[in-house]
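Spelled out, the chains give:
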Amino acid sequence: MDPSALIQPDRVHKSVYTDPQIFASEMENIFEKVWVYCGHASQIPNPGDYYAVTIGRQPMMMVRAGDGSVHVLHNRCPHRGVQLVGNLKGNTGGAFVCSYHAWSFHLDGKVRAIPLARGYEGTAMNKSNPDCNVKHAARVDSYRGFIFASLAADGPTLLEFLGDARIAFDDMCDRSPVGEVEVVPYCHRMVQQSNWKFFMENQLDALHPSVTHQSTGIAAGRVEKRIKEEKGSAPLHYHYLSTFASSFEQWDGVQTINFPRGHGILKAYMGLRPQDPDTLEYEGVLKKAYGEAKTEEYLSRSIHHVLVYPYLSVQSPLQQLRCLRPISPDKTLSEIWHFRLKGAPEAIYRRSLWYFNLVNSPATMINADDLENWTKAQWGLQSDGGDWVSFHRNYGDDRIENGVAYSNHGTSEVVMRSQFQAWSKYMQGDAA
Amino acid sequence: MSGDTKAIPSAGADMGRLLAQDVVIGGETSGPATGAQRIEPSHSPRATLAGQPTHLREAPKPEALTSPDLHREVEQFLYVQAELLDAKHWQAWIDLFAADGVYWMPVAPEQTEWESSPSIFIEDKLMMEIRKGRVSHPNAWSQAPQWETSHLVSHVAIESAGADQIVVRSRFHMMELRRDVIRHFGGRYSHTLVRDAAGALKIRLQRVDLFNSQASFDYVLQIWV
């Protein structure tokens with residue numbers, strides 16, 4: 001199958017969302033090659049702490065070794081293939097011990113002991129054979145505490161892969177007076193009955209909110225207005241919801257920036273720098289740590305969220321991260337995490353928690369309608385009602401400088417055009 | 001398959017002798033421990049096991065001695081709470097809450113507060129009004145497919161009944177139908193009830209601990225459980 005025939009500059013063939021062979025090829029050429037987010041260093045603070053993580057189709061685990069180093073290993077015993085850990089997370093002590101025949105492994109994956117080892121004397125499978133070690137990810141690296149692994153030995157470094165999208169992690173960490181975040185130890189996991197690409201497209205799709213989310217936006221706007229009339233002002237969290245019902249014209253003014261490799265930024269629109277006492281106190285803490293100019297630089301970045309293509313959405317100003325783990329063409333798991341800014345006043349965490357609860361909890365009043373759209377999109381594209389998906393909006397009107405596409409209109413489908421250009425390159429084996 | 005009808009090969013001349021030997025294993029052995037004796041928990045400590053609580057879960061308190069009338073009143077109140085949800089009487093359900101009433105579904109059972117840790121639901125009456133407004137809006141797209149719930153509430157136990165408030169625990173099971181798919185949600189209700197000026201029971205806090213709160217959600221929860 002020639003991927004280039006499926007991707008035209010202004011439309012794509014429906015099969016890229018539905019075809020199991022294309023999905024398998026995506027796993028092989030994209031997810032099992034690029035740098036995939038495994039987790040945050042604070043998820044595994046102690047030796048033996050592990051977290052199971054899926055990279056492409058591979059069940060892996062991220063583990064902290066005794067010397068503090070982090071290893072990303074296949075969750076598979078080299079003896080007979082049994083998975084070494086059976087839970088999502090935990091502490092394995094000083095070693096992994098296989099539940100089947102007690103082969104044991106150091107935390108870096110190297111074989112530690114084999115029972116009745118003399119039974120292997122004279123065979124190829126003795127302890128000096130590297131085949132006795134747990135297979136590890138080809139490369140592991142981290143950026144500001146966020147740990148990534150790549151299953152490809154060659155290819156761009158983590159920083160090259162992230163490119164300008166690394167602002168996601170800078171923007172989140174810089175908002176802490178000590179430049180660090182720590183994970184909140186609850187992960188929401190949600191399954192969407194649809195292709196992973198719908199999520200990635202939707203993140204920077206500025207036309208959909210006032211259509212898809214109008215029921216919530218309008219209901220919230222009504223309550224917000226009443227509170228304002230009664231009390232003069234309303235807490236920011238009502239605004240989090242009511243903004244979704246902004247007009248098409250307003251949304252058209254929220255620009256997107258689309259980087260090579262499919263990464264992108266939706267610019268800020270929620271007004272997260274009110275002049276309330278909590279914000280002023282927080283800004284004081286940052287100024288003490290960084291000085292006036294740096295603080296201003298950090299807090300005036302216009303970011304709503306940053307996409308790391310093909311699987312991550314980081315809402316840095318509100319310390320949230322959503323990570324996709326595709327399961328099949330029509331099924332995708334998302335893992336949703338929240339972070340604390342180390343050293344920042346509690347009020348700032350609480351403010352971001354409102355957004356996390358209202359928009360990203362499993363009782364979200366926002367994503368409920370996104371998920372419904374994507375399910376219906378999946379079914380629509382599985383039908384014979386048409387072969388192509390249109391991304392014509394504002395085609396030819398994008399401003400492209402140094403490979404970065406800036407939308408002249410916030411609602412431009414340059415987002416999807418740009419993501420599919422990256423997709424097409426990956427699928428043709430060009431991971432550079 | 002070849003359709004070949006060759007006889008199954010014989011195990012050889014020793015087979016009969018091998019099967020005649022009787023070996024007994026197990027029991028005390030001399031020499032260093034190996035196998036199960038050697039793979040002790042210290043060899044591979046598991047921080048958590050599903051059979052052990054990850055945090056101290058309190059044992060159920062016995063029912064406080066209250067009047068049968070109070071027990072019946074509280075029970076009926078909890079049943080009505082659930083029936084109003086199933087019947088989609090959203091405003092009547094919200095009206096069960098005291099003015100400062102809160103509906104809270106934590107992420108995990110060990111959570112004791114909602115201001116500094118994530119929740120699945122954390123709603124006062126204003127937020128309830130938004131949720132009600134949302135599902136009642138003609139363009140609440142996710143509400144187009146058929147959608148029904150059916151609650152059962154049981155094991156109602158009044159833990160304490162003071163002059164100010166009544167603390168009740170119970171268990172629930174909610175089946176949800178969406179499109180043609182049925183999902184199950186179960187768990188524990190903890191109600192803190194108060195009386196209004198007219199003496200009617202009102203909810204100050206409805207805490208809902210889903211037993212499957214940390215499993216992956218296929219789709220989301222759209223309305224209170």
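Owing to the predicted nature of the structure, the values given are computational and were not obtained by experimental measurement. (Residues numbered from 1 in each chain as written. Chains lettered and ligands numbered in written order. Predicted model: local features only at pLDDT ≥ 70, side-chain atom pairs only at ≥ 80, totals over all residues.)

(A) Representation of helix α4 (residues 125-136) of chain B. End to end, α4 of chain B covers 16 Å across twelve residues, agreeing with the expected 16 Å (1.5 Å per residue, within 8%). Listing the buried residues of α4 of chain B in full gives Met 127, Met 128, Ile 130, Arg 131, Gly 133, Arg 134 and Val 135 of chain B. Each element contacted by the buried residues of α4 of chain B is listed here: α8 (214-231) and α9 (236-242) of chain A together with α3 (90-94), β1 (97-106) and β2 (119-123) of chain B. (Helix = DSSP H or I, 4+ residues; strand = E, 2+ residues; numbered from the N terminus. Expected span 1.5 Å × (residues − 1). Buried ≥ 20, exposed ≤ 12 C-beta atoms within 10 Å, placed from the backbone. Contact = placed C-beta atoms within 7 Å.)

(B) Local environment of the interface of chain B and chain A. Listed as interface residues are 37 residues of chain B and, on the opposing side, 42 residues of chain A. For the side of chain B that touches chain A, the elements supplying multiple residues, two or more each, are β2, α4 and β7 (217-218) of chain B. Broken down by element, the residue count for the side of chain B that touches chain A peaks at six residues, all from α4 of chain B. The sheet contact formed by strand β14 (residues 188-192) of chain A and β7 of chain B spans two bridges and is parallel. Considered in β7 of chain B, the bridge of Val 191 of chain A is made with Asp 218 of chain B. (Pairing = 2+ DSSP bridges.)

(C) Fine view of the nonpolar core. All names here are of chain A. In this structure, Val 36, Cys 38, Met 61, Met 62 and Val 308 are the most contacted members of the largest nonpolar core, which totals 150 residues. With eight residues, helix α14 (residues 414-427) is the single largest residue contributor to this core. Two domains share this core, each providing at least three of its residues, namely domain 1 (35-144) and domain 2 (164-206 + 253-427). (Core = buried A, V, L, I, M, F, W, Y, C linked by C-beta atoms within 7 Å. Domains from an automatic or database assignment.)

(D) Broad picture of the domain arrangement of chain A. Residue and element names in this part refer to chain A. Domain assignment breaks chain A into domain 1 (35-144) and domain 2 (164-206 + 253-427). Listed by partner, the interface residues are eight residues for domain 1 and ten residues for domain 2. Looking at which element gives the most residues to the side of domain 1 that touches domain 2, the answer is strand β3 (residues 36-40), with three residues. Per-class residue counts for the side of domain 1 that touches domain 2 are three nonpolar, four polar and one charged. (Nonpolar A, V, L, I, M, F, W, Y, C, P; charged D, E, K, R; others polar.)

(E) Up close: the packing of α8 of chain A against α4 of chain B. Orientation of α8 of chain A relative to α4 of chain B, taken along the N-to-C sense of each, is 140°, at an axis distance of 8 Å. When you trace α8 of chain A past α4 of chain B, the crossing you get is right-handed. Contact with α8 of chain A, carried on its side by Ser 215, Thr 216, Ala 219, Ala 220, Arg 222 and Val 223 of chain A, involves Leu 126, Glu 129, Ile 130, Gly 133 and Arg 134 of chain B of α4 of chain B and no other residues of that element. Looking at the contact of α8 of chain A with α4 of chain B residue by residue, the classes come out as five nonpolar, three polar and three charged. (Axes fitted to C-alpha atoms, helices over the stretch in contact; angles between N-to-C directions. Left-handed = near helix turned anticlockwise from the far one by under 90°.)

(F) Just the sheet that holds strand β2 (residues 11-13) of chain A, in detail. Residues and elements named next belong to chain A. What the three strands build is an open sheet, ordered β1-β2-β21; its pairing is antiparallel. Unpaired on one side and paired on the other, β1 (7-8) and β21 (388-390) mark the two borders of the sheet. Sheet topology note: the β2/β21 ladder contains three bridges and is antiparallel. Counterpart to His 13 in the pairing with β21 is Trp 388.

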